[in-house]
Amino acid sequence: MIALAPRADNSRYHQGSTGPQTPLEDTSDYHFSTPDRSVNCSTFSTGTPTLACRIADDSSNSRRTSSTAAGCKWASDLVILDASGPQHGACAEEFPVLYRSAIVDYGTTIAVGRFSCLVESSGIYCLESRSKTGFSSTAKGYQKIYANERAPGALLGTIDSESTTTRTDSADDEDVTTTTSPTR
């Protein structure tokens, strides 16, 4: 579904501000927001290409790890996406997502390097092409997603209860997928 949506013109997405009220600045990276401003994203091209998004879900599922640097200002509302997949929560100073960036319209995909994000009224859905994983941020909160899974009902225009696919990472890092369909 992400690849099928109309593409945003990337030339509009090089501005943002370091704070909600500070002036806009031109940058070499990409910065974008959802129309309701509930999600703001910035790319980082130094080192490992990374997409960082500030999302409305700052749930406690985002836990600081034991390897987190002592001076880290932990931000549970950040999602980091790179070649190793998504991570919910990160050190804010490492990924300064800009504010007041250009809006990606509903029904549009923005593709930057290995990252593609579809903005819909139901939320944002982002994938990284090497890991074939990503995340969604919807009214239900943050969720890890996989490129080879069926699109959620919210994207297909169907009711979520018609078909549900869940995928979890088990303790031994093997993926377990369960699909259920309605009985009629």
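You'll find the structure just up there.
Because the structure is a prediction, the values reported are computed rather than measured.

Enquirer: Can you help me understand the pattern of salt bridges in this one?
Expert: Pairs can form between side chains of opposite charge once their charged atoms are near each other. Scanning all chains against the criterion turns up 1 salt bridge. Residue E128 is joined to R114 by a salt bridge in which the shortest nitrogen-to-oxygen separation is 2.8 Å. With E128 in strand β11 (residues 123-128) and R114 in the loop between β9 (108-112) and β10 (115-120), the pair connects residues that are 14 residues apart, well separated along the chain. Here E128 matches R114 in class, with each residue buried.

Enquirer: It is not clear to me how the nonpolar core should be interpreted in this structure. Could you clarify?
Expert: A general tendency of soluble globular proteins is for nonpolar side chains to be buried together. The biggest cluster of nonpolar side chains holds 20 residues, and the ones touching the most others in it are F32, L51, I110, I124 and F135. Looking at this core, the element that brings in the most residues is β10, giving 3 residues. Among the nonpolar cores identified, the runner-up in size contains 8 residues, and A52, I80, A90 and V97 belong to it.

Enquirer: Can you help me understand unusual backbone geometry in this one?
Expert: Peptide bonds are mostly trans, and most non-glycine residues show a negative phi. Residues other than glycine seldom take positive phi values, yet R37 does so here, at roughly 65 degrees. Secondary-structure assignment places R37 in the loop between β3 (31-33) and β4 (40-44). What makes R37 partly exposed here is its relative accessible area of 37%. Of note in the backbone geometry, K132 takes a positive phi value of approximately 55 degrees without being a glycine. Note on placement: K132 falls in the loop between β11 and β12 (133-138). Classification of K132 by relative accessible area gives exposed; the value is 52%.

Enquirer: Help me understand the sheet that holds β10 in this model?
Expert: Strand pairing in a sheet relies on backbone hydrogen bonds. The paired strands run either parallel or antiparallel. The strand order across the open sheet built from 5 strands is β9-β10-β11-β12-β13, with neighbouring strands paired in antiparallel fashion. Looking along the sheet, the strands with just one partner apiece sit at the ends: β9 and β13 (141-146). Looking at each pair of strands side by side, their axes are set apart by 15 degrees on average, direction ignored. Bridge count between β11 and β12: 6 bridges; the pairing is antiparallel. Counterpart to G123 in the pairing with β12 is T138.

Enquirer: Could you clarify how one ought to interpret the pairing of β4 in this entry?
Expert: For a regular strand, side chains alternate in direction, first toward one face of the sheet and then toward the other. Taking burial as the measure, the 5 residues of β4 include 5 buried ones, the bulk of the element. Burial of the side chains of β4 extends over both faces: N40, S42 and F44 are buried on one face and C41 and T43 on the other. For β3 and β4, the ladder comprises 3 bridges, and the chain directions are antiparallel. Residue pairing in the sheet places H31 in a bridge with S42 of β4. Count of turn residues in the β3/β4 antiparallel hairpin: 6 residues, of which R37 carries a positive phi of about 65 degrees. Hairpin connection, β4 to strand β5 (residues 50-54): the antiparallel pair is bridged by 5 residues, and G47 has positive phi, about 70 degrees.

Enquirer: Could you clarify how one ought to interpret the sheet that holds β3 in this entry?
Expert: Spatially, 6 strands are ordered β7-β6-β5-β4-β3-β8 in an open sheet, and the strand pairing comes out mixed. The sheet is open, and its two edges are formed by β7 (85-91) and β8 (102-103), each paired on a single side. Here β4 pairs with β5 via 5 bridges, running antiparallel. Residue pairing in the sheet places N40 in a bridge with R54 of β5.

Enquirer: I would appreciate a short explanation of the packing of aromatic side chains in the present structure.
Expert: The description of an aromatic ring pair rests on the distance of the ring centres and on the angle between the ring planes. Here the structure, examined in full by the defined rule, presents 2 aromatic pairs. On the basis of an interplanar angle of 75 degrees and a centroid distance of 5.8 Å, the ring pair of F44 and F95 is categorised as edge-to-face. Here F44 is found in strand β4, whereas its partner F95 is found in the loop between β7 and β8, with 51 residues between them in sequence. The same class applies to F44 as to F95, namely buried. Here the aromatic rings of F135 and Y142 are separated by 6.4 Å at their centres, their planes lie at 25 degrees, and the arrangement is stacked. Positioned above the aromatic ring of Y99 is the side chain of R54, whose terminal nitrogen or guanidinium carbon lies 3.8 Å from the ring centre.

Here is what the cut-offs are and how they apply
- Numbering of residues starts from 1 in every chain and runs along the sequence as written.
- Reporting in this predicted model follows two pLDDT cut-offs: at least 70 for local features of residues, and 80 or more for side-chain atom pairs to be given and counted; totals over whole chains, interfaces and linings ignore these cut-offs and use all residues.
- The side-chain numbers reported here are obtained from all heavy atoms of the structure, hydrogens and water having been left aside.
- Salt bridges are counted wherever a side-chain nitrogen of Lys or Arg sits within 4 Å of a carboxyl oxygen of Asp or Glu.
- Under the scheme used here, helices are H or I runs from DSSP no shorter than 4 residues and strands are E runs no shorter than 2 residues, and both carry numbers assigned from the N terminus.
- Per-residue accessibility, obtained with a 1.4 Å probe over protein chains only, is compared with the maximum for each type, and a residue is labelled buried under 20%, exposed over 50%, and partly exposed between these values.
- To define a nonpolar core, start from buried Ala, Val, Leu, Ile, Met, Phe, Trp, Tyr and Cys residues and group those joined through side-chain atoms within 4.5 Å.
- The criterion for strand pairing is that DSSP finds at least two bridges linking the strands in question.
- Every axis in this analysis is a line fitted to C-alpha atoms, fitted for helices over the stretch in contact. Angles between the N-to-C directions lie between 0 and 180 degrees.
- For this analysis, a ring pair means two rings from Phe, Tyr or Trp (six-membered ring only for Trp) whose centres lie within 6.5 Å, classed as stacked if their planes differ by under 30 degrees, edge-to-face if by over 60, and tilted for the remaining angles.
- Both a distance and an angle decide whether a charge sits over a ring: NZ of Lys or CZ of Arg must be within 6 Å of the ring centre and within 35 degrees of the ring normal.

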